[in-house]
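Listed here are the chains, written in short residue letters.
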Amino acid sequence: MKPITVDGGKGTVELDAQGILYLVWQPGTVLEADDVHAAMAKVNELAAGAEYPMLIDIANTQAVTLQAKSVFSVKCAASRIALLGSSPLNRVIANFAMARRNLPCPTRYFTSRDDAMSWLLQAPVS
């Protein structure tokens, strides 16, 4: 499937043949609440009522606003979320995003795409 641009143009979303949702933010992105809402709407649209594991590439993300962070507790079509980054700044952003105790699904930060994919493709714990 071809990536779909998130409203506002700061990212793209796609659902691959393995059933993995991908959300990739554009270089230098500062995430605002509207950006996160728009991405979640596209994810939900693609999922069409189902849930899928999701990889969010935050390597290009510059910052996340406090208002955007508050949106992370809203449930979307993700069954689990792997945040993929590569720098100390990405780790800070991931920790900021995951600092809520009530995240709607299991969420982890990875610096290795292979490790993130392995975790995403694990059978869900019942």
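Check the entry above for the structure.
Residue positions within a chain follow its written sequence, with the count starting from 1. Thresholds applied to this predicted model are a pLDDT of at least 70 for local features of residues and 80 or more for the giving and counting of side-chain atom pairs; totals over whole chains, interfaces and linings are not thresholded and use all residues. With hydrogens and water excluded, all non-hydrogen atoms of the structure serve as input to the side-chain values.

S.K.: An account of the sheet that holds strand 5 (residues 52–57) is needed here, citing residue identities and associated values.
M.R.: By definition, the strands of a sheet pair up through backbone hydrogen bonds, in either a parallel or an antiparallel sense. Only when DSSP finds a minimum of two bridges between them are two strands counted as paired. Helical segments are the DSSP runs of H or I of at least four residues, strand segments are the runs of E of at least two, and each set is numbered from the N terminus. Read across the open sheet, the six strands follow the order 1-2-3-5-7-8; overall the sheet is mixed. In this open sheet, the two strands that pair with only one neighbour each are strand 1 (4–5) and strand 8 (107–110). In this sheet, strand 5 lies alongside strand 3 (residues 21–25) in parallel orientation, the contact comprising four bridges. Counterpart to Y22 in the pairing with strand 5 is L55.

S.K.: Hey, could you go over the nonpolar core for me, with residue numbers and the actual values?
M.R.: Here, nonpolar core means buried Ala, Val, Leu, Ile, Met, Phe, Trp, Tyr and Cys residues that are tied together by side-chain atoms lying within 4.5 Å of each other. Three exposure classes are used, based on accessible area relative to the maximum for each residue type with a 1.4 Å probe and protein chains only: buried under 20%, partly exposed in between, and exposed over 50%. Membership of the largest hydrophobic core comes to 32 residues, with the highest contact counts inside it found for L23, M54, I56 and I58. Looking at this core, the elements that each hand over two or more residues are strand 2 (11–15), strand 3, helix 1 (33–47), strand 5, helix 2 (66–71), strand 7 (78–84) and helix 3 (88–98). When residues of this core are assigned to their parent elements, the largest contribution, eight residues, is made by helix 1. Not counting residues within four places of it along the chain, the set of residues in contact with I58 comprises W25, L83, L84, G85, N90, I93, A94 and Y109. One finds Y22, L55, M117 and L120 within the second-largest nonpolar core, a separate group that totals 10 residues. Residue contacts follow a heavy-atom distance rule, with two residues in contact if any of their heavy atoms lie within 4.5 Å.

S.K.: So, helix 4 (residues 113–120): which residues are in play, and what are the values?
M.R.: Among the residues making up helix 4, those that are buried are A116, M117, W119 and L120. Down the axis of helix 4, the sector holding all buried residues measures 160°, keeping them to one side. Next to the buried residues of helix 4 lie strand 3, strand 5, strand 7 and strand 8. Contacts described as polar in this section are N or O atom pairs within 3.5 Å, which, within protein, must combine one atom able to donate a hydrogen with one able to accept it, while residues neighboring in sequence count only if both atoms come from side chains. At the N-terminal end of helix 4, a side-chain oxygen is found 3.4 Å from the backbone nitrogen of D114, two or three residues along, and the residue is S112. What the arc describes is the spread of directions from the helix axis to the C-beta atoms.

S.K.: Give a detailed account of the side chain of T65, specifying residues and quantitative values.
M.R.: Inspection of the secondary structure puts T65 in the loop between strand 6 (61–64) and helix 2. With a relative accessible area of 16%, T65 lands in the buried category. Contacts of T65, omitting those with residues within four sequence positions, involve V30, L31, E32, A33 and F96.

S.K.: Explain the pairing of strand 2 to me, and be specific about the residues and the numbers.
M.R.: Of all five residues making up strand 2, four are buried, and the element is well covered by its neighbours. The turn linking strand 1 back onto strand 2 is made up of five residues, and G8 within it adopts a positive phi angle of 100°. In the sheet, strand 2 pairs with strand 3 via five bridges, with the strands oriented antiparallel. From the neighbouring strand, G11 faces strand 3, where its bridge partner is W25. Here strand 2 folds back onto strand 3, and the loop between the two strands holds five residues, one of which, G19, carries a positive phi near 85°.

S.K.: Break down helix 1 for me, citing the residues and quoting the values.
M.R.: Multiplying 1.5 Å by the helix residue count minus one yields the expected span of that helix. If you check helix 1, its first and last C-alpha atoms are 21 Å apart, about what 15 residues at 1.5 Å a residue would give, namely 21 Å. What helix 1 keeps buried is the set A33, D35, V36, A38, A39, M40, K42, V43, L46 and A47. Downstream of helix 1 by one or two residues, A48 has phi in the positive range, about 50°.

S.K.: Which residues make up the packing of aromatic side chains, and what values do they have?
M.R.: For Phe, Tyr and Trp, rings pair up if their centres lie within 6.5 Å, where Trp contributes its six-membered ring, and each pair is then called stacked (planes under 30 degrees apart), edge-to-face (over 60) or tilted (otherwise). All told, the structure shown has one aromatic pair when counted by the stated rule. Measuring from centroid to centroid gives 5.7 Å for F110 and W119, while their planes differ by 45°, and the two rings are tilted. A residue is classified by how much of its surface remains accessible, and F110, at 8% relative accessible area, is buried. Classification of W119 as buried rests on a relative accessible area of 9%. For a ring to carry a charge above it, either NZ of a lysine or CZ of an arginine must fall within 6 Å of the ring centroid while also lying within 35 degrees of the normal to the ring plane. In this structure, R80 packs its charged tip against the face of W119, placed 4.9 Å from the ring centre.

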